[in-house]
Amino acid sequence: MINRWILGIFSILFLLYSLSSTEVQAARLDAYLVVKWEGRELSEPNLESFDAMRKKNPDVNVIHLINPSYFKDNPKSASNLEAIKKRIADGDEVGLYFLPSANLVKAADVIPIRKPTFWGYGEELCAKDCGQEVPVTVYNRSDVSKLFWAAHAAIKDAGFNPTTYAVHGWIAPAGLSEVAQSLGYTNDLTAIDFKLVKDQLKEYPIVEWLKAAPAPLSTPSVSAWTQAGGAMEFSDDADLVKRFDQFFAQDHDRQAIFALSVSQESFFLTRLRLENAIAGMKAKAESGSDELVFKTISDGKRSRPIAGKVLKSKKL
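Residues numbered from 1 in each chain as written. Predicted model: local features only at pLDDT ≥ 70, side-chain atom pairs only at ≥ 80, totals over all residues. Heavy atoms only, no water.

Caption draft 1: Region of the structure containing the overall build of the protein. Across its full length, the protein carries 9 helices and 10 strands. For the protein, the share of sequence-separated contacts (at least 6 apart) that also reach a separation of at least 24 residues comes to 79%. With the model as given, the accessible surface of the protein reaches about 16100 Å², and the carbon-plus-sulfur share is 55%. (Helix = DSSP H or I, 4+ residues; strand = E, 2+ residues; numbered from the N terminus. Contact = heavy atoms within 4.5 Å. Areas by Shrake-Rupley, 256 points an atom, 1.4 Å probe, with all protein chains shown as cover.)

Caption draft 2: Spatial organisation of the pairing of strand β10 (residues 291–294). The alternating pattern of β10 places Leu 292 and Phe 294 on a buried face, while none of Glu 291 and Val 293, on the opposite face, is buried. Pairing of strand β1 (residues 28–37) with β10 involves 4 bridges; the strand directions are parallel. Pairing of Ala 31 across the sheet is with Phe 294, part of β10. (Buried < 20%, exposed > 50% of the residue type's maximum accessible area, 1.4 Å probe, protein only. Pairing = 2+ DSSP bridges.)

Caption draft 3: The arrangement of the layout of surface pockets in detail. Estimates place the volume of the largest pocket at around 610 Å³. If you go around the largest pocket, you meet 29 residues; those closest to its centre are Ala 172, Pro 214, Ala 215, Pro 216 and Leu 217. Among the secondary structure elements, those contributing two or more residues to the lining of the largest pocket are α6 (176–182) and α7 (205–212). At 3 residues, α6 tops the list of elements feeding residues into the lining of the largest pocket. Residues of the lining of the largest pocket, tallied by class, amount to 19 nonpolar, 6 polar and 4 charged. Taken as a whole, the second largest pocket spans an internal volume of roughly 320 Å³. Forming the boundary of the second largest pocket are 16 residues, of which Lys 36, Glu 38, Trp 119, His 168 and Phe 234 lie nearest the centre. Looking at side-chain class alone, the lining of the second largest pocket contains 7 nonpolar, 5 polar and 4 charged residues. (1 Å grid on protein atoms, 1.4 Å probe; cavity = no way out; pocket = protein on both sides within 12 Å on 5 of 7 lines; lining within 4 Å. Points joined across faces, edges and corners; volume = space filled by probe spheres on them. Nonpolar A, V, L, I, M, F, W, Y, C, P; charged D, E, K, R; others polar.)

Caption draft 4: Quick peek at helix α9 (residues 267–287). Across its 21 residues, α9 extends 29 Å between first and last C-alpha, which sits within 8% of the 30 Å expected from 1.5 Å per residue. At Arg 273, α9 shows its strongest bend, of approximately 25°. Each element contacted by the buried residues of α9 is listed here: β1, α2 (44–56), α8 (237–247), β9 (256–263) and β10. Positive phi appears at Ser 289, one or two residues downstream of α9, with a value of about 60°. (Expected span 1.5 Å × (residues − 1). Bend = angle between axes of the 7 residues up to and from the residue.)

Caption draft 5: Inspection of the pattern of salt bridges at higher detail. This model, assessed by the stated rule, comprises 12 salt bridges. Asp 199 is the salt-bridge partner of Lys 198, the closest N and O atoms lying 3.3 Å from each other. Within this structure, Arg 28, Asp 30 and Lys 295 form a network of salt bridges that share partners. (Salt bridge = Lys/Arg side-chain N within 4 Å of Asp/Glu carboxyl O.)

Caption draft 6: Inspection of the environment of Phe 268 at higher detail. Mapped onto the fold, Phe 268 is located in helix α9. Considering only alpha carbons, one finds Phe 268 and Ser 49, 219 residues apart in sequence, at a separation of 5.5 Å.

Caption draft 7: Representation of unusual backbone geometry. Following Lys 115, the chain continues into Pro 116 via a peptide bond in cis, with omega recorded as 0°. Positive phi outside glycine occurs at Asp 109, with the angle close to 55°. Mapped onto the elements of the fold, Asp 109 is located in the loop between α4 (102–107) and α5 (141–157). Not every positive phi belongs to a glycine, and Ser 289 is a case in point at roughly 60°. Checked against the element boundaries, Ser 289 lands in the loop between α9 and β10. Overall, the relative accessible area of 53% leaves Ser 289 in the exposed class.

Caption draft 8: Region of the structure containing the packing of α2 against α9. Orientation of α2 relative to α9, taken along the N-to-C sense of each, is 15°, at an axis distance of 9 Å. Classed by the angle they form, the pair α2 and α9 counts as roughly parallel. Here the hand of the crossing between α2 and α9 comes out right-handed. Here α2 contributes Pro 45, Asn 46, Ser 49, Phe 50, Ala 52, Met 53 and Lys 56 to the contact with α9, which in turn contributes Phe 267, Phe 268, Arg 271, Leu 274, Glu 275 and Ile 278. Split by residue class, the contact of α2 with α9 holds 8 nonpolar, 2 polar and 3 charged. (Axes fitted to C-alpha atoms, helices over the stretch in contact; angles between N-to-C directions. Parallel < 35°, antiparallel > 145°, perpendicular 65-115°, else oblique. Left-handed = near helix turned anticlockwise from the far one by under 90°.)

Caption draft 9: Highlighting the confidence of the model for the protein. Residue-level pLDDT values for the protein average 86, and 84% of them are 70 or greater. Segment residues 15–24 is flagged for pLDDT under 50; beyond a separation of four residues in sequence, or across chains, it makes 5 contacts in the model. Note on residues 300–316: pLDDT under 50 across the span, and 44 contacts to partners over four residues away in sequence or across chains. (pLDDT = per-residue confidence, 0-100.)

What follows is the structure in structure tokens.
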């Protein structure tokens, strides 16, 4: 009887130990906030809105993708550079935002192409600086290389040393990764999950181009990442939080990361939605006893994002 009693005690203790050791473990959820400095202009309402967001979320690191048109042959280059550098925090990353702006086309000694645009095929001709409207994919490989070299030289001259780049329009030209690799780039943040923008842009040529674009392909030297968070300009904050919850509840491709992007030049309009989205993401992480970290791409850590509740992870 004594042996059975002792055996029962040990069984209960073992059961308690097993339960404590299999409790739901906290996970680190890696997210990325990408701010695109597109190169048109820097307006006070947008800059002030960005400052307000940073003040409210001092723990959120930012990946700044900068179009060097702000600095290259620009009469406001000095003030533009000062305004941008003022908003780059210690934990942030600076990358190159690549598009065929007029001053870069001139610097690269390339003939500008004025159609087709993202918004029309052959009937709509861009009249002035076509970098925001005409995809760089319409240029041949030689001209793409010249344009990228000119963009890289301009952003280096501005004092930055980027290792991450993204192409305007979410489609990278063929062969660009080889050019980028030769200049020391290691990450391509161009691609976006097609389904996150297809409904909003379905009337325009860009949707057909995105639909037909090949999947981003990493090389041994350049990692290509797909943004799974989406663009804030085309997202509702509640939908984004739901997307965040779903993303970390499933196993997913290593090349997909939960990155959400926002244009600095529309920050005044998107700030509240972005802040609501960040707050909602934090609340979701806390509800699962997880740690949400807004990190950067080139910090040397490429940990695969994992499910929010390790023991309850499921494939969808």
